[in-house]
Amino acid sequence: MKRTSCVTSASCGRAWHLGLFERSGATDNFATEMWGGVELTNRKDYVPQIPYGTRDFLPQQAHGKRLLEGQLARLFTVWGYEEVVTPTMEYYETLTTGAGGELSENAFKFFDRNNQILALRSDMTTPIARVAAARLQESPMPLRLFYLANVFRQEQAQTGRQCEFYQAGVELMGARQPAADAEVIALAVTGLQQAGLQNFQIGLGQVDFINGVMAEFDLTAKERLLVKKAMLKRDLVGLDTLIARSGLSQAAGEILRKIPLMSGKEEILDQGYKMVKNQTARGALENLDYIYQQLKHYELNENVNFDLGIIRDFDYYTGMVFEGYTPGLGFPLCGGGRYDNMASDFGVNLPATGFALGIERVMLARERQGMAMPTAAKDFYIAWAENKMDQAISEAGKLRRAGRTVELAMASATQSQAQEQQETKGYAALRYFG
Ligand SMILES: N[C@@H](Cc1c[nH]c[nH+]1)C(=O)O
């Protein structure tokens, strides 16, 4: 039904109506209705829009989101991570310093009163690196930080990919060891498992593998960038065209064509060693091997595959990179990697690794895997006859203190009306004071 409604008793509700009135210049579009003793005012033909790429979470979805976030927050906490909260907006310069590239280009930008350029955070890794560099340098290292936050990027919106979206993530800072990389991957896998996902895989790559391979070839900086972009999009046709145009030897072209297809278990590392002589690329394979062996100790390697063609779409990665996928969802559930240089852009040497998981994406994947959206408990509906509200209030108090979910009727009702209200609202039981 195309209409909006709100409760007229709230002062903001009145202001809202006034806004509508001023806009429409007419009052006869309003209709007043009574529901459960509450007056509702509707304007029948007006549907206020929300900005492109944003969404509302209705009660059930908001409940599911809250549960998932709570579960992840608990998980991160028991792994020794501490929550940080940063502003929704940052100086644009902070974002360009940390993330640079497309991430800051895609940011929503605006001005403050002093004409400073601000931006809605387009990533949480940069604000966390800023906080770590500016405020937490004296803390014992390594830092283990986590966040639950909304992030904003101007891009083409689609299901599971909005311009405003929610992330749960961790950053492990001040640790150069590959053991730190293994820990964050293990945490990502555990998070997806605890979210109830049945069927997902982590693809694990290393930016130095591709960088090392390309360093051996006679490619211009622009060609290298284009090759990476084609690999990022898994655009094999585009990659072919680039290779043909670049004048690379046949052997070199074959290697580049093969990289996006190199995914699988440990045999992929053997293939990699056979394929390349370059020390940087071989170092990347050793690094991946070490991380994978550690994941075996976590007993979480089953869900992890090597995928040497993974290129994440941010410039800041300097080592291992990973993405989590599940069938039926055309974009990653989570992603992350090592980024050793970001904090030094803020003046501090703090090698780091981390990941973020897309809350809406995990919710969508759960739904597509047939898991029911969790519903909030609705224990008691309490209704009352004329002059009996006092007793109803005190009963509601008792039940609520005992942890039960209780809704208290706002107007008197007969027992049969009360029963109907209880059923319509989906409460398990009715307490009626007559
Ligand atoms: N910020 C990255 C994830 C990440 C966290 N740490 C390292 N990488 C993202 O939004 O995908």
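Just so you know, these numbers come straight off a predicted model, no measurement behind them. (Residues numbered from 1 in each chain as written. Predicted model: local features only at pLDDT ≥ 70, side-chain atom pairs only at ≥ 80, totals over all residues. Heavy atoms only, no water.)

Novice: Go over the nonpolar core, please, and point to the residues and values.
Specialist: Core analysis: the largest hydrophobic core is formed by 74 residues, its most contacted members being Phe76, Ile185, Phe209, Leu256 and Phe322. For this core, the element with the highest residue contribution is helix H6 (residues 178-194), accounting for 9 residues. Residues Ile128, Leu143, Val151 and Met342 belong to the second largest nonpolar core, which totals 30 residues. (Core = buried A, V, L, I, M, F, W, Y, C linked by side-chain atoms within 4.5 Å. Buried < 20%, exposed > 50% of the residue type's maximum accessible area, 1.4 Å probe, protein only. Helix = DSSP H or I, 4+ residues; strand = E, 2+ residues; numbered from the N terminus.)

Novice: An account of the UniProt feature "binding site: L-histidine" (unreviewed entry) in the protein is requested, with residue identities and associated values reported.
Specialist: Annotation from UniProt places "binding site: L-histidine" (unreviewed entry) at Asp123, Met124, Thr125, Arg153, Gln167, Glu171, Arg312, Tyr316 and Tyr317. Relative to the elements of secondary structure, tyrosine 316 occurs in the loop between strand E12 (304-307) and strand E13 (320-325). In contact with tyrosine 316, not counting residues within four places along its chain, are Gly98, Ala99, Leu103, Asp123, Thr125, Arg338, Tyr339 and Met342. Tracing the backbone shows tyrosine 317 in the loop between E12 and E13. In this view, tyrosine 317 contacts Val207, Arg312, Gly336, Gly337, Arg338 and Tyr339; residues no more than four positions away in its chain are not counted. (UniProt positions renumbered as here; feature names shortened; annotations may be inferred. Contact = heavy atoms within 4.5 Å.)

Novice: Please set out H6 residue by residue, giving values where relevant.
Specialist: For H6, with 17 residues, the first-to-last C-alpha span of 24 Å sits near the 24 Å given by 1.5 Å per residue. Buried residues dominate H6, accounting for 13 of its 17 residues. Looking one or two residues beyond H6, the residue adopting positive phi is glycine 196, at roughly 90 degrees. (Expected span 1.5 Å × (residues − 1).)

Novice: Any chance you could break down the pairing of E13 for me, citing the residues and the numbers?
Specialist: Every other side chain in a regular strand lies on the same face of the sheet, so the side chains alternate between the two faces. Of all 6 residues that make up E13, 5 are buried, and the element is covered over most of its length. As paired strands, strand E10 (residues 201-206) and E13 are joined by 6 bridges and run antiparallel to one another. When the bridges of E13 are listed, leucine 204 appears paired with phenylalanine 322. Both E13 and strand E14 (residues 334-338) contribute to a ladder of 4 bridges, which runs antiparallel. Across the sheet, residue glycine 324 finds its bridge partner in E14, namely cysteine 334. (Pairing = 2+ DSSP bridges.)

Novice: Now, about the side chain of arginine 121: what can you tell me, with residues and values included?
Specialist: You can see arginine 121 is positioned in the loop between strand E7 (117-120) and helix H5 (125-135). For the buried residue arginine 121, which engages in no salt bridge, the nearest side chain bearing the opposite charge is glutamate 90, 6.5 Å off. Residue contacts for arginine 121: discarding those within four places in its chain leaves Thr86, Pro87, Thr88, Met89, Leu95, Pro127, Ala149, Asn150, Val151 and Phe152. (Lys, Arg positive; Asp, Glu negative; His and termini not counted. Salt bridge = Lys/Arg side-chain N within 4 Å of Asp/Glu carboxyl O.)

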